[in-house]
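Working through the structure, step by step
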Amino acid sequence: MAEYWYTMRDEIFADGLRGRLPRLPADPAELEQLARQHLPVGLWSFVANGAGGGRTLAANRAAFDKWELVPRMLHTDEPLSLRTELLGTRMSAPVLLAPIGLAGLAHPDGEAAAARVVRELGLAMALSNSSSLSLEEVADAAPGAGLWFQLHPPKDDELGASIVRRAEKAGYQGIVVTVDSWTRGWRPADLDHGYDPFLRGQGMGTFLADPVFRRSLPTDVPVGSEPWLAAAAARWREVFGHSSLSYEYFDRLREATDLPILIKGVLHPDDAEQAVAHGVSGVVVSNHGGRQLDRSMAALDALPAVARQVAGRVPVLFDSGVRSGADAAVALGLGADAVLLGRPWLYGLAIDGAEGVRHVLRCVLAELELTMLMSGAATVADLRRMVSPVRGRADER
Ligand code: FNR
């Protein structure tokens, strides 16, 4: 692997000289449009849209425009490294793949392709509990990859514990508990398409392989047959999403695993505080990419206060709206220890499988690195001094 991520820029120009153009665009908006051409309309709408009128989806992006970098010049004296270690997982950069369910619908190689790229680039990925493949299949596809497992707490604690133990056994290095999507948000686009992939038994790879889950499935029909899958989808609807969770859930989950447990979906600093009080090892500031609660605040607007509240006791991660390396730099500058990349990796996968995921990630990392180099930030910590509210004046700083 190249010493610097940004050398990809020079590779692309060298290829251009020989008449070869990249198959994927570097521009995130064009990436989204190209992915649209590769996905059936129902699936495309499911991935791209947000809840309600899409205000939170838009606010997530607009929030980045409230911040600016004030770069400093003629400073380069030490080599930049994005290497980082988060809760025992070593990463070549503070960028993870966000958990996105149903990747197998976007491309037949699904989550396995993403995990292989993550291993190749030395990054990490939080595998969704709604993956098309089972958690073991994904781990087996990329031994040694930096993998965390994301869980929506099921109503059945025994099932949750079983899944988490399997993840630990399969080599996952962290458990990310998502708390903002115990039920589906109001998503007009999905309603208009009558599109719910879960009703079709999709996104259940990990559940279908679970001994506790399987106990409740009929034994008088062949495993994998249509009636078996229909029963599985019905059971899944019964157990998926815990509507009456409290922070004590983290105390119970702690008994099932020694892995670090993170909470995903926090916006209010008091929620972060409670989670830390209940022993979580990390907080992910996120509003689920605007898919859940329309008119909820932009995730980036929530980040500084949560980071202040947590005050370094545990790592703070961020997602919802990161599209580029410059976005990642702003989030890191506002107190995130790492960012999760969401929709863009799925778009890359939809367009070109593993190759597409690789391209998307390398673009983000190249731009993050260039942003730091050109700002005079040798470390992520340096970025914290360089990001400030848009004022358009450098001399007041
Ligand atoms: C998600 N997200 C998500 N989160 C989670 O914890 N478990 C999951 O299974 C899923 N599934 C999922 C599917 C699809 C199609 C999308 C787009 C998103 C949310 C995801 O982890 C992340 O929070 C958002 O994608 C961040 O927003 P952006 O940056 O993608 O806009």
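Because the structure is a prediction, the values reported are computed rather than measured.

In the neighbourhood of the ligand, 22 residues make up the surrounding shell, with P99, S128, T178, R323 and R343 lying closest. Here P99 contributes a backbone N or O atom positioned 2.7 Å from an oxygen atom of the ligand. Between the ligand and R323, the relevant distance is 2.6 Å, taken from an oxygen atom to a side-chain nitrogen or oxygen of the residue. Protein coverage of the free-state accessible area of the ligand, which is 600 Å², stands at 97%. The residue inventory of the shell around the ligand, partitioned by class, reads 6 nonpolar, 11 polar and 5 charged.

With that settled, consider the packing of helix α16 (residues 325-333) against helix α17 (residues 343-375). Two elements in contact, α16 and α17, have axes separated by 7 Å at closest approach and are oriented at 55°. Taken together, the axes of α16 and α17 are oblique relative to one another. For α16 against α17, the interelement crossing comes out right-handed. In contact with G325, A326, A328, A329 and L332 of α16, α17 contributes V364, E367, L368 and T371. Residues of the contact of α16 with α17, tallied by class, amount to 6 nonpolar, 2 polar and 1 charged.

Time to look at the pairing of strand β7 (residues 175-178). Neither face of β7 is open: one carries I175 and V177, the other V176 and T178, and all of them are buried. Handedness of the crossover joining strand β6 (residues 146-151) and β7 through helix α8 (residues 157-169): right-handed. Bridging between β7 and strand β8 (residues 261-266) involves 4 bridges; their strand directions are parallel. Note on β8: the bridge partner recorded for T178 is K264.

Procedures and definitions
- Residues numbered from 1 in each chain as written.
- Predicted model: local features only at pLDDT ≥ 70, side-chain atom pairs only at ≥ 80, totals over all residues.
- Heavy atoms only, no water.
- Near = heavy atom within 4 Å.
- Polar contact = N/O pair within 3.5 Å; in protein donor to acceptor, adjacent residues only side chain to side chain.
- Areas by Shrake-Rupley, 256 points an atom, 1.4 Å probe, with all protein chains shown as cover.
- Nonpolar A, V, L, I, M, F, W, Y, C, P; charged D, E, K, R; others polar.
- Axes fitted to C-alpha atoms, helices over the stretch in contact; angles between N-to-C directions.
- Helix = DSSP H or I, 4+ residues; strand = E, 2+ residues; numbered from the N terminus.
- Parallel < 35°, antiparallel > 145°, perpendicular 65-115°, else oblique.
- Left-handed = near helix turned anticlockwise from the far one by under 90°.
- Contact = heavy atoms within 4.5 Å.
- Buried < 20%, exposed > 50% of the residue type's maximum accessible area, 1.4 Å probe, protein only.
- Right-handed = clockwise from strand over helix to strand, strands pointing away.
- Pairing = 2+ DSSP bridges.

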